[in-house]
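Close look at the chain arrangement
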Amino acid sequence: MKKLQEKSTFVGRPFSDQLMDDQRTFSSCNVEMEQDQVFQAFLAEHELTDQRASMIVFGPENFMYWYGVLVPNEIEVPSGLMRFVLPQNEVALEELDQQNLAFFSQPLNSVLPTFLQKVGDEGIQMYENPGDSLTPYFVQTLNLATKKLAQMLYLDASE
C-alpha cells in the first residue's frame, strides 16, 4: 500500500471547505469545473480529457478542496486555473476499479474515513489530524478510460 509518488502538479481550482453542501459533498463545485470552458480547453490541449482528480489540503482547523487534474510535471496554466506542486513523497495508495465521475460526488465524511481506516489497518503511521502533517494532502485521481481510481494520502517524509 506504500509507494513513492513522484513530484507532480495539480491543476484546477481550490474551493473553501465552507462550500461543502448539506450532503458533505462538493458536487456543485465539481459541476462548475466540468462546465468551465478554460478547464475543458486545458484538458483538450494537453490530451487529458480522460483524467480527473480531487485533492484535500488539510490545515490544523479546516481544509481546502481542489478539483482538476494531476499532471506529472510543472506545466503552463491558463488564467482562471491554479497550480499546486506536490512534492516527491511516500504515499499510502489504494486503487479501485470500475469507478466514474460520480465517485467525486460521494460524501467526504464517508470516503475519507473508509480510506484512512484501510491505511490504519495496514499498520501505516499517520497523524490523527492530517492537518498536523508536513505533507497534508489526500489526492484522488480517476482515469475515465480505464475507470481506475487511485487514492493517495501523503505520508511524512520522516516515516
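These remarks concern the structure in this document.

Rules of the game
Residues numbered from 1 in each chain as written. Predicted model: local features only at pLDDT ≥ 70, side-chain atom pairs only at ≥ 80, totals over all residues. Heavy atoms only, no water. Pairing = 2+ DSSP bridges. Helix = DSSP H or I, 4+ residues; strand = E, 2+ residues; numbered from the N terminus. Axes fitted to C-alpha atoms, helices over the stretch in contact; angles between N-to-C directions. Contact = heavy atoms within 4.5 Å. Salt bridge = Lys/Arg side-chain N within 4 Å of Asp/Glu carboxyl O. Buried < 20%, exposed > 50% of the residue type's maximum accessible area, 1.4 Å probe, protein only.

So, about the sheet that holds strand S6 (residues 89–96). Ordered by their spatial adjacency, eight strands build an open sheet running S1-S6-S8-S7-S3-S4-S2-S5, and the pairing between neighbours is antiparallel. Edge strands, defined here as strands with exactly one partner in the open sheet, are strand S1 (2–5) and strand S5 (82–86). With direction set aside, neighbouring strand axes in the sheet form an average angle of 35 degrees. Bridging between strand S3 (residues 51–58) and strand S4 (residues 63–71) involves six bridges; their strand directions are antiparallel. Across the sheet, Ile56 pairs through a bridge with Tyr65, a residue of S4. Sheet strands in contact with helix H1 (residues 27–34) are strand S2 (8–16), S3 and S4, and its direction is about 125 degrees off that of S2. Sitting on the sheet, helix H2 (residues 37–45) is in contact with S2, S3 and S4, with an inclination near 35 degrees to S4.

What follows is about the pattern of salt bridges. Scanning the model with the defined rule gives six salt bridges in all. The salt bridge involving Lys118 is made with Glu94; its shortest N-O contact spans 3.2 Å. Separated by 24 residues along the polypeptide, Lys118 in helix H3 (residues 108–121) and Glu94 in strand S6 bring together distant segments of the chain. The partly exposed category is assigned to Lys118, whose relative accessible area is 32%. Look at Glu94 and you get buried, because its relative accessible area is 16%.

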